[in-house]
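If you want the building blocks of each chain, they are given just below.
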Amino acid sequence: MAEKEHIAVLLDEKRVFKPSKEFVEKTNVKKWMDKHGIKTYDELLKKAEDYEWFWGEVSKEVVNWIEPPRKILEWNPPYANWFVGAKYNIVHDALDRHAKGDKKDKIAYIFEGEPGDTRKITYGELYKEVNKLANALKKLGIKKGDRVSIYLPMIPELPIAMLACAKIGAIHSVVFSGFSALALRERINDCEAKAVITCDSFYRRGKKVPLKKQTDEALEDAPSVEHVIVYRRTGDEIPWDEKRDLWWHEIIKDMSDECETETMDANDPLFFLYTSGTTGKPKGVIHCHGGYAVGTAVTLKWVFDIKDDDIYWCAADIGWITGHSYIVYAPLILGATSIIYEGAPNYPNPDRWWEIIEKYKVTILYTSPTSIRLFMRYGEEWVKKHDLNSIRLLGSVGEPINPEAWIWYYTHIGGKKCQIMDTWWQTETGQFCITPLPITPLKPGSATKPFPGVSADVYDNEGKSIKNAGGNLVLTHPWPAMLKGLYKADERYRQTYWSRFKNTYLAGDVARKDDDGYFWIQGRADDVLNVSGHRIGNSEVESALVSHEKVAEAAVIGKPHELKGESIVAFVVLKKDVEPSDELKKELREHVAKQMGKIARPDEIWFVADVPKTRSGKIMRRLIRAKVLGQGTGDTSTLANPDAIKELEKAK
Ligand code: PRX
């Protein structure tokens, strides 16, 4: 937040939704409270302020260390080590323990492909598949600490590949299958992956997406990659490099279905996941085995109240953090049954999701406001065709949920009987940080309060805690699934999250705290767009535009969008003698899609003679945005080119 004045409080939602007493009594969190003699939600929050006691105590509920920790937390700002000295591997709890125990025949994943093909995979089967691939990776020379990029769609082989890497101590870096070849290349090169795991193609909206072809394009300039492992999903003809490419089914054919799980230190890296920041290059967020396991599993167990007979569906993509934490690791640690759906939510009809819920009797649904708004647009008729009575709990993530969408979700999907868990968190936090528990009274549009053992606040620009006004959302104490820095970017880590307030994590969001201590997240404070719940750096889109031969300069802003949260609007300065045209706009939109993936394709492109900049050359996106939204631009005299503001009016 650059401005001094606090951001206006636009929303004043007053409704409160309380869970029923019978419901509360049966929740996992209530049982834990009873065990510890804790009577109320407020008392729980208070008690958990003894952070090390709390996380040490709850860790016992979800993880089984190979060797226990010497110390719960070692905090050397800005780096935290949780469960210091513990020997561990997350796969031990997510898989091995279940396959050797009473969950062997329980279904871990129910897979539904877009064309309607289905598979059910038990913990015992998952274990064998993971072991075979893990052995094959070892045979290829992949060792502890090596990086493996995974570029797979929503098929069970994606969690299998992740677990196989983790099992042998290799670090996975999953790249969302909707990203382009160039985005994949950048991520492979940043972590110097030794191998890539992908598939021939997959189904999306009735078409096939040629993933192997895109991988080949990425690998035209990715010298670290020695092997490409290809899973056969569709049976399409694909390009093949005899020296480099290997079929998944061939390399696992003669492998044993037992594989020893590598013993790791609790603080050894488990994965890197790239996320957008305010400067061009994506940041490689590092998560480790131990703290991440505890943070994700405890939050899932309490917030979504996972029980043995639940059919849980987190409808995100595993390519994002939501899927890493809450489709793969936490549900597996809890021995849950999860749904994995390959395709588009509205294919072939807008009731595909409701059909899946009815078919598998889904009990918990976790999705994003963007999806909810999409379904709202199609109308309740599509929902009413199906029996959704099995649902008992709902969740939302990725962006602020507007009260209208909240009420629609509550009424039409939850049948006015389910609480909605609006979970605020980030790629960096790894786990839910501000979120209701099923025992929390809800206010539509508010993510309510910090999870017990997480300390959040809203600071003004001087670092003073404030109420009833928009300010900087901060986390004031380390939490277990906290990122362990950015890969090869210590300075950027310190600068981005820790330089604003001493020893305090800056989330980059604007939020307000009300009189009851409820948090209302208002959106990003920095130059990062939130499009359909996905973070996209303004500067990344700008550099994609500028990489086009006809573009001299570009400024990208987000504009409120009814469905997507924000739409991408680009102001483009063309090179000398280049004629603006509608064809060129189209070409530029496609160029960005090719560079980054379709999610980053600008919705609007405007040609301008100049874009406003500071004297140090920084593009003043805030001013452009204010101008576009018809708000005052204030004093512009400090700009290097104040006339550029007026130029925006002449945009073509
Ligand atoms: O702006 C916040 C928004 O999503 C950002 C994190 O994006 P990402 O790392 O991609 O992770 C998304 C899924 C965890 C946050 O900085 N955000 C996430 N959840 C919420 C939210 N904004 C409002 N309410 C939420 N529940």
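Nothing here was measured: the structure is a model prediction, and the numbers come from that model.

1. With respect to the environment of Val362
For step 1, the next point in the chain: Looking at the element boundaries, Val362 is found in the loop between helix H13 (352-360) and strand S18 (364-367).
For step 2, the next point in the chain: Linking Val362 and Asn461, residues 99 residues apart in sequence, is a C-alpha distance of 45 Å.
For step 3, the next point in the chain: Apart from the residues lying within four places of it in its own chain, the contact partners of Val362 are Ile311, Trp313, Ile339, Ile356, Ile357, Ser390 and Ile391.

2. What about the packing of helix H5 (residues 90-99) against helix H7 (residues 157-167)?
For step 1, the next point in the chain: Following both chains from N to C, one finds H5 and H7 inclined at 125°, their axes separated by 9 Å at the closest point. Compared by their axis directions, H5 and H7 come out oblique. Between H5 and H7 the crossing geometry is left-handed. For the pair formed by H5 and H7, the contact residues are Val91, Ala94, Leu95 and Asp96 on the first element and Leu163, Ala166 and Lys167 on the second.
For step 2, the next point in the chain: A breakdown of the residues in the contact of H5 with H7 according to their chemical character gives five nonpolar, no polar and two charged.

3. Observations regarding the sheet that holds strand S23 (residues 505-513)
For step 1, the next point in the chain: Read from one edge of the open sheet, four strands run S21-S22-S23-S24, paired in antiparallel fashion. Looking at strand neighbours, the two that pair on one side only are strand S21 (456-459) and strand S24 (519-524), the edges of this open sheet. Sheet twist, expressed as the average angle between the axes of neighbouring strands with direction ignored, equals 45°.
For step 2, the next point in the chain: Alignment of S21 against strand S22 (residues 471-475), held across four bridges, turns out to be antiparallel. Its bridge partner lying in S22, Asp457 is registered against Val474.

4. Looking at empty space enclosed by the protein
For step 1, the next point in the chain: Scanning the model with the defined rule gives three cavities of 30 Å³ or more in all.
For step 2, the next point in the chain: Considering only enclosed or pocket space, the largest cavity measures out at about 80 Å³ in volume.
For step 3, the next point in the chain: Taken together, 13 residues form the lining of the largest cavity, with Cys288, Gly291, Pro480, Met482 and Lys484 sitting closest to its centre.
For step 4, the next point in the chain: When residues of the lining of the largest cavity are traced back to their parent elements, those giving at least two are strand S2 (79-84), strand S15 (283-288) and helix H11 (289-303).
For step 5, the next point in the chain: Among the elements that make up the lining of the largest cavity, the one with the highest residue count is H11 (three residues).
For step 6, the next point in the chain: The class makeup of the residues in the lining of the largest cavity is eight nonpolar, four polar and one charged.

5. A short note on the packing of H5 against helix H12 (residues 321-333)
When two helices pack together, their arrangement is given by the angle between their axes and by how far apart the axes lie.
For step 1, the next point in the chain: Axis separation between H5 and H12 bottoms out at 8 Å; the angle between their running directions is 60°. Taken together, the axes of H5 and H12 lie oblique to each other. Classified by chirality, the crossing of H12 by H5 is left-handed. Residues Ile90, Asp93, Ala94, Arg97 and His98 of H5 form the contact with H12, whose participating residues are Tyr329, Leu332 and Ile333.
For step 2, the next point in the chain: The residue inventory of the contact of H5 with H12, partitioned by class, reads five nonpolar, one polar and two charged.

6. Digging into the side chain of Ser539
For step 1, the next point in the chain: Mapped onto the elements of the fold, Ser539 is located in helix H18 (residues 538-546).
For step 2, the next point in the chain: In contact with Ser539, not counting residues within four places along its chain, are Gly277, Thr278, Thr279, Gly280 and Arg621.

7. Observations regarding the nonpolar core
For step 1, the next point in the chain: Ranked by size, the top nonpolar core spans 158 residues in total, and within it Trp55, Leu126, Ile150, Trp248, Trp302, Phe304 and Tyr329 carry the most contacts.
For step 2, the next point in the chain: Residue-level mapping places this core at the junction of two domains, with at least three residues from each of domain 1 (3-89 + 268-522) and domain 2 (92-262).
For step 3, the next point in the chain: Every residue in contact with Trp302, bar those within four places of it in the chain, is listed here: Asn28, Val29, Trp32, Leu44, Phe54, Val58, Leu437, Pro438, Phe451 and Pro452.
For step 4, the next point in the chain: Counting 29 residues, the second largest nonpolar core, distinct from the first, contains Ile311, Leu365, Trp406 and Leu442.

8. Some words on the layout of surface pockets
For step 1, the next point in the chain: As a volume, the second largest pocket reaches approximately 350 Å³.
For step 2, the next point in the chain: Sorting elements by how many residues they give to the lining of the second largest pocket places helix H3 (residues 41-47) first, with three residues.
For step 3, the next point in the chain: Residue composition of the lining of the second largest pocket, by class: eight nonpolar, three polar and six charged.

9. Some thoughts on the pairing of S23
For step 1, the next point in the chain: The buried count for S23 comes to nine of nine residues, which makes it a mostly enclosed element.
For step 2, the next point in the chain: Where S22 lies against S23, four bridges are found, and the strand directions are antiparallel. In the strand pairing of S23, Asn472 is matched with Val510.
For step 3, the next point in the chain: The antiparallel hairpin formed by S23 and S24 contains five residues in its connecting segment, where Gly517 sits at a positive phi of about 80°.

10. Re the site of the ligand
For step 1, the next point in the chain: The ligand sits among 17 residues. The nearest are Asp422, Thr423, Thr427, Arg524 and Arg535.
For step 2, the next point in the chain: For the ligand, a nitrogen atom lies 3.3 Å from a polar atom in the backbone of Glu399.
For step 3, the next point in the chain: Burial of the ligand by the protein amounts to 96% of the accessible area it has alone, namely 540 Å².
For step 4, the next point in the chain: Put simply, the parts of the chain that give the shell around the ligand at least two residues each are H12 and S24.

11. So, the domain arrangement of the protein chain
For step 1, the next point in the chain: According to the domain assignment, the protein chain contains domain 1 (3-89 + 268-522), domain 2 (92-262) and domain 3 (527-649).
For step 2, the next point in the chain: Placing the centre of domain 1 and that of domain 2 at their C-alpha centroids yields a distance of 27 Å.
For step 3, the next point in the chain: The interface of domain 1 with domain 2 comprises 50 residues on the first partner and 53 residues on the second.
For step 4, the next point in the chain: Buried surface at the junction of domain 1 and domain 2, both sides included, amounts to about 4600 Å², of which 53% is carbon and sulfur.
For step 5, the next point in the chain: It is Leu332, Ile340 and Glu342 that lose the most area in domain 1 upon contact with domain 2, and together they represent 18% of the buried surface on that side.
For step 6, the next point in the chain: Counting across the domain 1 and domain 2 interface gives seven salt bridges.
For step 7, the next point in the chain: A salt bridge links Glu192 to Lys488, with the shortest nitrogen-to-oxygen separation between them at 3.3 Å.
For step 8, the next point in the chain: One can count 37 residue pairs in polar contact (both at pLDDT 80 or more) joining domain 1 with domain 2.

What counts, and where the lines are drawn
- Residues numbered from 1 in each chain as written.
- Predicted model: local features only at pLDDT ≥ 70, side-chain atom pairs only at ≥ 80, totals over all residues.
- Heavy atoms only, no water.
- Helix = DSSP H or I, 4+ residues; strand = E, 2+ residues; numbered from the N terminus.
- Contact = heavy atoms within 4.5 Å.
- Axes fitted to C-alpha atoms, helices over the stretch in contact; angles between N-to-C directions.
- Parallel < 35°, antiparallel > 145°, perpendicular 65-115°, else oblique.
- Left-handed = near helix turned anticlockwise from the far one by under 90°.
- Nonpolar A, V, L, I, M, F, W, Y, C, P; charged D, E, K, R; others polar.
- Pairing = 2+ DSSP bridges.
- 1 Å grid on protein atoms, 1.4 Å probe; cavity = no way out; pocket = protein on both sides within 12 Å on 5 of 7 lines; lining within 4 Å.
- Points joined across faces, edges and corners; volume = space filled by probe spheres on them.
- Core = buried A, V, L, I, M, F, W, Y, C linked by side-chain atoms within 4.5 Å.
- Buried < 20%, exposed > 50% of the residue type's maximum accessible area, 1.4 Å probe, protein only.
- Domains from an automatic or database assignment.
- Near = heavy atom within 4 Å.
- Polar contact = N/O pair within 3.5 Å; in protein donor to acceptor, adjacent residues only side chain to side chain.
- Areas by Shrake-Rupley, 256 points an atom, 1.4 Å probe, with all protein chains shown as cover.
- Buried area = accessible area lost by both parts, 1.4 Å probe.
- Salt bridge = Lys/Arg side-chain N within 4 Å of Asp/Glu carboxyl O.

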